[in-house]
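Residue-level listing of the chains:
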Amino acid sequence: MEIYAVKIMNISNEELNDLCSTLDVEKRCKLEKYIKLEDKIRSLIGDLLIRTLINKKFKIRNKNIIIEKNQYGKPFLKGNPKHNFNISHSEDFVVCAISDTPIGIDIEKIKQIEYKEIAKGFFTENEYDYITRGDAQDQLKNFFNIWTLKESFIKCCGTGLSMPLNLFSLEIDNINNIRLIHKLGESNSKYYFEVFDIDSEYKMAVCSLNKNVSSNLVMIDQQSLIKDYYKLVLDGGTF
Ligand SMILES: CC(C)(COP(=O)(O)OP(=O)(O)OC[C@H]1O[C@@H](n2cnc3c(N)ncnc32)[C@H](O)[C@@H]1OP(=O)(O)O)[C@@H](O)C(=O)NCCC(=O)NCCS
(Lines give C-alpha, C1' and ligand atoms only; values in the text may rest on other atoms or scores of the structure.)
Protein backbone atom coordinates (compact mmCIF):
# COMPACT_ATOMS: atom_id res chain seq x y z
CA MET A 1 0.00 0.00 0.00
CA GLU A 2 1.23 3.48 -0.81
CA ILE A 3 -0.01 6.92 0.13
CA TYR A 4 0.83 10.02 -1.91
CA ALA A 5 0.14 13.74 -1.61
CA VAL A 6 0.53 16.72 -3.91
CA LYS A 7 0.54 20.29 -2.63
CA ILE A 8 -1.52 22.25 -5.11
CA MET A 9 0.08 25.19 -6.94
CA ASN A 10 -1.58 27.51 -9.38
CA ILE A 11 -1.68 26.50 -13.05
CA SER A 12 -1.81 29.02 -15.89
CA ASN A 13 -4.86 28.93 -18.16
CA GLU A 14 -2.63 27.90 -21.05
CA GLU A 15 -1.20 24.90 -19.18
CA LEU A 16 -4.64 23.99 -17.88
CA ASN A 17 -6.02 23.93 -21.43
CA ASP A 18 -3.03 21.88 -22.64
CA LEU A 19 -3.51 19.32 -19.89
CA CYS A 20 -7.27 19.16 -20.39
CA SER A 21 -6.74 18.45 -24.10
CA THR A 22 -5.01 15.15 -23.14
CA LEU A 23 -8.01 13.90 -21.16
CA ASP A 24 -10.93 11.80 -22.33
CA VAL A 25 -14.22 13.54 -23.15
CA GLU A 26 -15.94 12.47 -19.93
CA LYS A 27 -13.22 13.90 -17.67
CA ARG A 28 -13.04 17.07 -19.76
CA CYS A 29 -16.81 17.58 -19.41
CA LYS A 30 -16.56 17.03 -15.67
CA LEU A 31 -13.80 19.65 -15.35
CA GLU A 32 -15.73 22.14 -17.47
CA LYS A 33 -18.59 21.99 -14.98
CA TYR A 34 -16.46 23.32 -12.12
CA ILE A 35 -17.09 27.01 -11.60
CA LYS A 36 -14.07 27.65 -9.39
CA LEU A 37 -10.63 27.30 -10.98
CA GLU A 38 -9.22 25.74 -7.76
CA ASP A 39 -11.78 22.90 -7.92
CA LYS A 40 -10.87 22.27 -11.54
CA ILE A 41 -7.14 22.14 -10.72
CA ARG A 42 -7.66 19.78 -7.75
CA SER A 43 -9.73 17.34 -9.78
CA LEU A 44 -7.31 17.51 -12.71
CA ILE A 45 -4.26 16.89 -10.49
CA GLY A 46 -6.11 13.94 -8.92
CA ASP A 47 -6.53 12.42 -12.38
CA LEU A 48 -2.91 13.04 -13.37
CA LEU A 49 -1.72 11.60 -10.09
CA ILE A 50 -3.70 8.40 -10.37
CA ARG A 51 -2.72 7.85 -14.01
CA THR A 52 1.01 8.36 -13.44
CA LEU A 53 0.97 6.16 -10.33
CA ILE A 54 -0.96 3.35 -12.05
CA ASN A 55 1.43 3.55 -14.99
CA LYS A 56 4.57 3.49 -12.83
CA LYS A 57 3.38 0.90 -10.36
CA PHE A 58 1.45 -1.51 -12.56
CA LYS A 59 3.10 -0.80 -15.92
CA ILE A 60 -0.20 -0.07 -17.65
CA ARG A 61 -0.13 2.22 -20.67
CA ASN A 62 -2.11 5.45 -20.37
CA LYS A 63 -4.50 4.49 -23.18
CA ASN A 64 -5.27 1.26 -21.30
CA ILE A 65 -6.00 3.04 -18.02
CA ILE A 66 -9.79 3.04 -18.16
CA ILE A 67 -11.38 4.44 -15.03
CA GLU A 68 -14.97 3.48 -14.36
CA LYS A 69 -17.25 4.20 -11.40
CA ASN A 70 -19.39 1.99 -9.20
CA GLN A 71 -23.07 2.84 -8.66
CA TYR A 72 -22.11 5.30 -5.87
CA GLY A 73 -19.39 7.04 -7.86
CA LYS A 74 -16.28 5.29 -6.53
CA PRO A 75 -13.70 5.21 -9.34
CA PHE A 76 -11.94 1.91 -10.13
CA LEU A 77 -9.56 0.62 -12.74
CA LYS A 78 -11.47 -1.38 -15.35
CA GLY A 79 -10.30 -4.97 -15.69
CA ASN A 80 -7.91 -4.79 -12.74
CA PRO A 81 -9.83 -5.55 -9.54
CA LYS A 82 -6.59 -5.99 -7.58
CA HIS A 83 -5.36 -2.47 -8.30
CA ASN A 84 -7.37 -0.42 -5.83
CA PHE A 85 -7.03 3.31 -5.39
CA ASN A 86 -8.85 6.25 -3.90
CA ILE A 87 -8.45 10.03 -4.08
CA SER A 88 -9.35 12.94 -1.87
CA HIS A 89 -8.83 16.67 -2.21
CA SER A 90 -9.22 19.61 0.10
CA GLU A 91 -7.96 23.16 -0.42
CA ASP A 92 -4.14 22.89 -0.88
CA PHE A 93 -3.83 19.10 -1.11
CA VAL A 94 -4.70 16.18 -3.35
CA VAL A 95 -4.01 12.79 -1.75
CA CYS A 96 -4.15 9.30 -3.16
CA ALA A 97 -3.91 5.77 -1.74
CA ILE A 98 -3.06 2.69 -3.79
CA SER A 99 -3.42 -0.86 -2.54
CA ASP A 100 -4.12 -4.44 -3.56
CA THR A 101 -7.24 -4.42 -1.37
CA PRO A 102 -10.13 -1.88 -1.21
CA ILE A 103 -9.05 1.43 0.24
CA GLY A 104 -10.52 4.81 1.18
CA ILE A 105 -8.78 8.09 1.87
CA ASP A 106 -10.02 11.44 3.10
CA ILE A 107 -8.41 14.81 3.75
CA GLU A 108 -10.18 17.88 5.13
CA LYS A 109 -8.94 21.33 5.99
CA ILE A 110 -9.88 22.16 9.57
CA LYS A 111 -12.30 25.07 9.47
CA GLN A 112 -14.74 26.65 11.87
CA ILE A 113 -18.10 24.93 11.49
CA GLU A 114 -21.03 24.06 13.73
CA TYR A 115 -19.38 20.79 14.64
CA LYS A 116 -21.52 20.03 17.67
CA GLU A 117 -24.75 20.26 15.65
CA ILE A 118 -23.32 18.07 12.86
CA ALA A 119 -21.93 15.51 15.31
CA LYS A 120 -25.18 15.43 17.27
CA GLY A 121 -27.27 15.02 14.13
CA PHE A 122 -25.20 12.53 12.20
CA PHE A 123 -22.56 10.82 14.34
CA THR A 124 -22.95 8.26 17.14
CA GLU A 125 -23.18 9.14 20.84
CA ASN A 126 -19.70 7.75 21.53
CA GLU A 127 -18.25 9.84 18.71
CA TYR A 128 -20.02 12.92 20.09
CA ASP A 129 -18.51 12.24 23.53
CA TYR A 130 -15.04 11.88 22.03
CA ILE A 131 -15.41 15.10 20.04
CA THR A 132 -16.61 17.24 22.95
CA ARG A 133 -13.58 16.49 25.16
CA GLY A 134 -11.05 19.27 25.84
CA ASP A 135 -11.19 22.93 24.88
CA ALA A 136 -12.90 24.36 21.78
CA GLN A 137 -9.72 24.07 19.69
CA ASP A 138 -9.28 20.38 20.61
CA GLN A 139 -12.95 19.73 19.96
CA LEU A 140 -12.73 21.08 16.43
CA LYS A 141 -9.67 18.90 15.74
CA ASN A 142 -11.41 15.87 17.28
CA PHE A 143 -14.41 16.51 15.04
CA PHE A 144 -12.31 16.57 11.87
CA ASN A 145 -10.42 13.52 13.08
CA ILE A 146 -13.69 11.56 13.33
CA TRP A 147 -15.02 13.12 10.12
CA THR A 148 -12.02 12.02 8.01
CA LEU A 149 -12.02 8.55 9.61
CA LYS A 150 -15.72 8.08 8.88
CA GLU A 151 -15.33 9.40 5.38
CA SER A 152 -12.32 7.11 4.74
CA PHE A 153 -14.48 4.16 5.83
CA ILE A 154 -17.42 4.97 3.53
CA LYS A 155 -14.96 5.62 0.72
CA CYS A 156 -13.27 2.27 1.36
CA CYS A 157 -16.70 0.58 1.19
CA GLY A 158 -17.44 2.68 -1.91
CA THR A 159 -20.98 3.47 -0.77
CA GLY A 160 -20.56 7.23 -0.31
CA LEU A 161 -23.20 8.86 1.82
CA SER A 162 -25.79 6.22 0.93
CA MET A 163 -24.55 4.59 4.14
CA PRO A 164 -26.01 6.44 7.16
CA LEU A 165 -23.15 7.95 9.14
CA ASN A 166 -24.53 6.74 12.48
CA LEU A 167 -24.65 3.12 11.32
CA PHE A 168 -21.06 2.74 12.43
CA SER A 169 -18.90 4.28 15.09
CA LEU A 170 -15.20 5.09 15.23
CA GLU A 171 -13.79 4.59 18.70
CA ILE A 172 -10.41 6.09 19.53
CA ASP A 173 -8.84 5.00 22.84
CA ASN A 174 -6.37 6.97 24.96
CA ILE A 175 -3.37 5.56 23.09
CA ASN A 176 -4.99 6.47 19.78
CA ASN A 177 -5.92 2.95 18.70
CA ILE A 178 -8.81 3.23 16.25
CA ARG A 179 -11.59 0.66 16.18
CA LEU A 180 -14.70 0.39 14.03
CA ILE A 181 -17.99 -0.69 15.61
CA HIS A 182 -20.57 -1.54 12.95
CA LYS A 183 -24.14 -1.59 14.17
CA LEU A 184 -25.28 -4.21 11.66
CA GLY A 185 -22.81 -6.69 13.12
CA GLU A 186 -20.64 -6.67 10.01
CA SER A 187 -17.15 -7.88 10.93
CA ASN A 188 -15.68 -4.97 12.84
CA SER A 189 -12.11 -6.13 12.80
CA LYS A 190 -11.44 -6.34 9.06
CA TYR A 191 -11.07 -2.58 8.59
CA TYR A 192 -7.85 -0.86 9.59
CA PHE A 193 -7.25 2.86 10.00
CA GLU A 194 -4.32 5.25 10.00
CA VAL A 195 -4.26 9.01 10.52
CA PHE A 196 -1.62 11.29 9.00
CA ASP A 197 -0.06 14.56 10.16
CA ILE A 198 0.19 16.11 6.74
CA ASP A 199 -0.19 19.69 7.97
CA SER A 200 -1.34 21.26 11.24
CA GLU A 201 -4.38 22.78 9.47
CA TYR A 202 -5.58 19.47 7.99
CA LYS A 203 -6.81 16.06 9.08
CA MET A 204 -6.26 13.04 6.90
CA ALA A 205 -7.22 9.38 7.33
CA VAL A 206 -6.94 6.10 5.44
CA CYS A 207 -9.15 3.03 5.84
CA SER A 208 -8.02 -0.29 4.44
CA LEU A 209 -8.76 -4.00 4.44
CA ASN A 210 -5.02 -4.54 4.57
CA LYS A 211 -3.76 -5.00 8.13
CA ASN A 212 -0.50 -3.25 7.34
CA VAL A 213 -1.81 0.23 6.69
CA SER A 214 1.14 2.29 5.58
CA SER A 215 1.98 5.27 7.77
CA ASN A 216 4.42 6.55 5.15
CA LEU A 217 3.28 9.55 3.16
CA VAL A 218 5.14 10.35 -0.08
CA MET A 219 5.01 14.00 -1.19
CA ILE A 220 5.08 14.60 -4.95
CA ASP A 221 5.94 17.97 -6.41
CA GLN A 222 3.17 19.22 -8.75
CA GLN A 223 5.55 20.32 -11.51
CA SER A 224 7.35 16.93 -11.49
CA LEU A 225 3.97 15.20 -11.63
CA ILE A 226 2.92 17.25 -14.67
CA LYS A 227 6.27 16.48 -16.35
CA ASP A 228 5.87 12.75 -15.68
CA TYR A 229 2.29 12.89 -16.95
CA TYR A 230 3.31 14.51 -20.25
CA LYS A 231 5.99 11.83 -20.67
CA LEU A 232 3.34 9.19 -20.11
CA VAL A 233 0.98 10.75 -22.66
CA LEU A 234 3.68 11.34 -25.28
CA ASP A 235 5.31 7.92 -24.84
CA GLY A 236 1.85 6.39 -24.86
CA GLY A 237 3.25 3.86 -22.49
CA THR A 238 5.42 3.02 -19.52
CA PHE A 239 8.63 4.82 -18.64
C1 LIG B 1 -18.24 11.74 -2.71
C2 LIG B 1 -17.83 11.36 -1.32
C3 LIG B 1 -17.47 9.92 -1.38
C4 LIG B 1 -16.57 12.13 -0.85
O5 LIG B 1 -16.76 13.46 -0.99
P6 LIG B 1 -15.79 14.60 -0.43
O7 LIG B 1 -15.26 14.30 0.93
O8 LIG B 1 -16.55 15.84 -0.60
O9 LIG B 1 -14.59 14.63 -1.46
P10 LIG B 1 -13.15 13.96 -1.48
O11 LIG B 1 -12.25 14.98 -2.05
O12 LIG B 1 -12.73 13.33 -0.21
O13 LIG B 1 -13.32 12.78 -2.51
C14 LIG B 1 -13.67 13.01 -3.83
C15 LIG B 1 -13.16 11.85 -4.66
O16 LIG B 1 -13.65 10.62 -4.10
C17 LIG B 1 -13.86 9.71 -5.16
N18 LIG B 1 -15.23 9.19 -4.96
C19 LIG B 1 -16.40 9.63 -5.48
N20 LIG B 1 -17.41 8.84 -5.03
C21 LIG B 1 -16.86 7.90 -4.24
C22 LIG B 1 -17.40 6.81 -3.50
N23 LIG B 1 -18.69 6.49 -3.50
N24 LIG B 1 -16.55 6.03 -2.77
C25 LIG B 1 -15.21 6.31 -2.77
N26 LIG B 1 -14.65 7.33 -3.46
C27 LIG B 1 -15.47 8.12 -4.18
C28 LIG B 1 -13.64 10.45 -6.46
O29 LIG B 1 -12.33 10.13 -6.92
C30 LIG B 1 -13.69 11.89 -6.07
O31 LIG B 1 -12.80 12.74 -6.78
P32 LIG B 1 -13.15 13.30 -8.24
O33 LIG B 1 -14.60 13.69 -8.19
O34 LIG B 1 -12.24 14.43 -8.47
O35 LIG B 1 -12.90 12.15 -9.14
C36 LIG B 1 -19.02 11.43 -0.37
O37 LIG B 1 -18.68 10.76 0.81
C38 LIG B 1 -19.55 12.79 -0.06
O39 LIG B 1 -20.31 13.34 -0.80
N40 LIG B 1 -19.20 13.38 1.06
C41 LIG B 1 -19.64 14.70 1.44
C42 LIG B 1 -18.94 15.16 2.66
C43 LIG B 1 -19.74 14.88 3.94
O44 LIG B 1 -20.82 15.36 4.17
N45 LIG B 1 -19.16 14.08 4.85
C46 LIG B 1 -19.76 13.74 6.09
C47 LIG B 1 -18.78 13.69 7.19
S48 LIG B 1 -18.29 12.04 7.60
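Residues numbered from 1 in each chain as written. Predicted model: local features only at pLDDT ≥ 70, side-chain atom pairs only at ≥ 80, totals over all residues. Heavy atoms only, no water.

- Per an unreviewed UniProt entry, the protein is named 4'-phosphopantetheinyl transferase superfamily protein, and its organism is Metabacillus fastidiosus.
- Comment text from UniProt for the protein, heading Sequence similarities (unreviewed entry), reads "Belongs to the P-Pant transferase superfamily. Gsp/Sfp/HetI/AcpT family."
- Looking at the protein in UniProt, the text filed under Cofactor (unreviewed entry) is "Mg(2+)". (UniProt positions renumbered as here; feature names shortened; annotations may be inferred.)

### Quick notes on the site of the ligand
Phase 1: Lys30, Ser88, His89, Glu151 and Lys155 are the nearest of the 21 residues found near the ligand.
Phase 2: In the model, a nitrogen atom of the ligand is placed 3.1 Å from a nitrogen or oxygen of the Gly73 main chain.
Phase 3: In this structure, Asp106 approaches the ligand through a side-chain N or O atom, which is 2.9 Å from an oxygen atom.
Phase 4: Contact with the protein chains hides 77% of the accessible area of the ligand, taken as 900 Å² for the molecule alone.
Phase 5: At the level of elements, β4 (84-90), β6 (103-109) and α6 (136-157) are the ones that each hand at least two residues to the shell around the ligand.
Phase 6: Among the elements that make up the shell around the ligand, the one with the highest residue count is α6 (five residues).
Phase 7: Looking at side-chain class alone, the shell around the ligand contains seven nonpolar, seven polar and seven charged residues. (Near = heavy atom within 4 Å. Polar contact = N/O pair within 3.5 Å; in protein donor to acceptor, adjacent residues only side chain to side chain. Areas by Shrake-Rupley, 256 points an atom, 1.4 Å probe, with all protein chains shown as cover. Helix = DSSP H or I, 4+ residues; strand = E, 2+ residues; numbered from the N terminus. Nonpolar A, V, L, I, M, F, W, Y, C, P; charged D, E, K, R; others polar.)

### Section: the packing of aromatic side chains
Phase 1: For the structure on display, the rule yields nine aromatic pairs.
Phase 2: Centre to centre, the rings of Tyr115 and Phe143 are 6.2 Å apart; their planes meet at 45°, and the pair counts as tilted. Of this pair, Tyr115 sits in helix α4 (residues 115-122) while Phe143 sits in helix α6, and the two are 28 residues apart along the sequence.
Phase 3: Taking the relative accessible area as the measure of exposure, Phe143 reaches 0% and is therefore buried.
Phase 4: Ring centres 4.6 Å apart and planes at 55° place the aromatic pair Phe153 and Phe168 in the tilted group. One end of the pair, Phe153, is in helix α6; the other, Phe168, is in strand β7 (residues 168-172), and 15 residues separate them in sequence. Of the two residues examined, Phe153 and Phe168, each falls in the buried class.
Phase 5: Taken together, the ring pairs connect Tyr115, Phe123, Phe143, Phe144 and Trp147 into an aromatic cluster.
Phase 6: Cation over ring: Lys150 sits above Phe123, and NZ or CZ is 5.3 Å from the ring centre.
Phase 7: Taking the ring centre of Phe168 as reference, the NZ or CZ of Lys150 above it sits at 4.0 Å. (Phe/Tyr/Trp six-rings, centres within 6.5 Å; stacked < 30°, edge-to-face > 60°. Buried < 20%, exposed > 50% of the residue type's maximum accessible area, 1.4 Å probe, protein only. Lys NZ or Arg CZ within 6 Å of the ring centre and 35° of its normal.)

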